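One-letter residues, chain by chain:
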Amino acid sequence: MQRAYQKHRSSNKGDFLWKIIRKWINLREMITQYIQAAMRKANYEILENNEGFYGEIPGFQGVWGNAPTLEGCREDLAEALETWILFRVSRGMKIPAVGKYKLDVEFAPA
């Protein structure tokens, strides 16, 4: 009887872990799609005196990037956007929808 209980119990732990892993993968995919959609809205400009590139995303106040190359600017902008999202999530702030992509985060009471 004890052995059957332990087997059942460990099976439930495995199911529980798989549920968490699947939710994490879905969340990661959702955030990636959201960032990609926002990055498609980005505007870039070449800075004067060959000083590199500047990029920003309309509707995302304070999110900008700059670098000597366009690709570097895109990477800097994507990192700034990800940081901005994480900051807003950590503060329970709203995150604007980007086309069909929407990130709504609700915190359960502690």
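Our subject is the structure listed above.
Residues numbered from 1 in each chain as written. Predicted model: local features only at pLDDT ≥ 70, side-chain atom pairs only at ≥ 80, totals over all residues. Heavy atoms only, no water.

Quick look at the packing of aromatic side chains now. Pairs of aromatic rings are described using the distance from one ring centre to the other and the angle between the two planes. For the structure on display, the rule yields 3 aromatic pairs. Seen from their ring centres, Phe-60 and Trp-84 are 5.0 Å apart, and the 65° between their planes marks the pair as edge-to-face. Of this pair, Phe-60 sits in the loop between strand S2 (53-56) and strand S3 (64-67) while Trp-84 sits in helix H2 (residues 70-90), placing them 24 residues apart in sequence. By relative accessible area, which is 4% here, Phe-60 ends up buried. Here Trp-84 falls in the buried class, since its relative accessible area comes to 14%. Through a chain of ring-to-ring contacts, the aromatic side chains of Tyr-34, Phe-60 and Trp-84 assemble into a single cluster. (Phe/Tyr/Trp six-rings, centres within 6.5 Å; stacked < 30°, edge-to-face > 60°. Helix = DSSP H or I, 4+ residues; strand = E, 2+ residues; numbered from the N terminus. Buried < 20%, exposed > 50% of the residue type's maximum accessible area, 1.4 Å probe, protein only.)

Bringing the pairing of strand S1 (residues 43-46) into the picture now. Along any regular strand the residues' side chains alternate between the sheet's two faces. As judged from the 4 bridges shared by S1 and S2, these two strands associate in the antiparallel manner. In the sheet register, Ile-46 faces S2, and the bridge partner there is Phe-53. Where S1 hands over to S2, the hairpin turn is made up of 6 residues, of which Asn-49 adopts a positive phi near 55°. (Pairing = 2+ DSSP bridges.)

For the rest of this paragraph, the subject is the layout of surface pockets. Empty space within the largest pocket amounts to approximately 170 Å³. If you trace the largest pocket, you find it lined by Gly-92, Met-93, Lys-94, Ile-95, Lys-102, Leu-103, Asp-104 and Val-105. Looking at the lining of the largest pocket residue by residue, the class counts come to 4 nonpolar, 1 polar and 3 charged. (1 Å grid on protein atoms, 1.4 Å probe; cavity = no way out; pocket = protein on both sides within 12 Å on 5 of 7 lines; lining within 4 Å. Points joined across faces, edges and corners; volume = space filled by probe spheres on them. Nonpolar A, V, L, I, M, F, W, Y, C, P; charged D, E, K, R; others polar.)

So, on to unusual backbone geometry. Of note in this structure, Asn-49 is not a glycine but carries a positive phi near 55°. Considering the arrangement of structural elements, one finds Asn-49 in the loop between S1 and S2. Judged by relative accessible area, which is 67%, Asn-49 ranks as exposed. With phi around 55°, Asn-50 is a residue other than glycine that occupies positive phi space.

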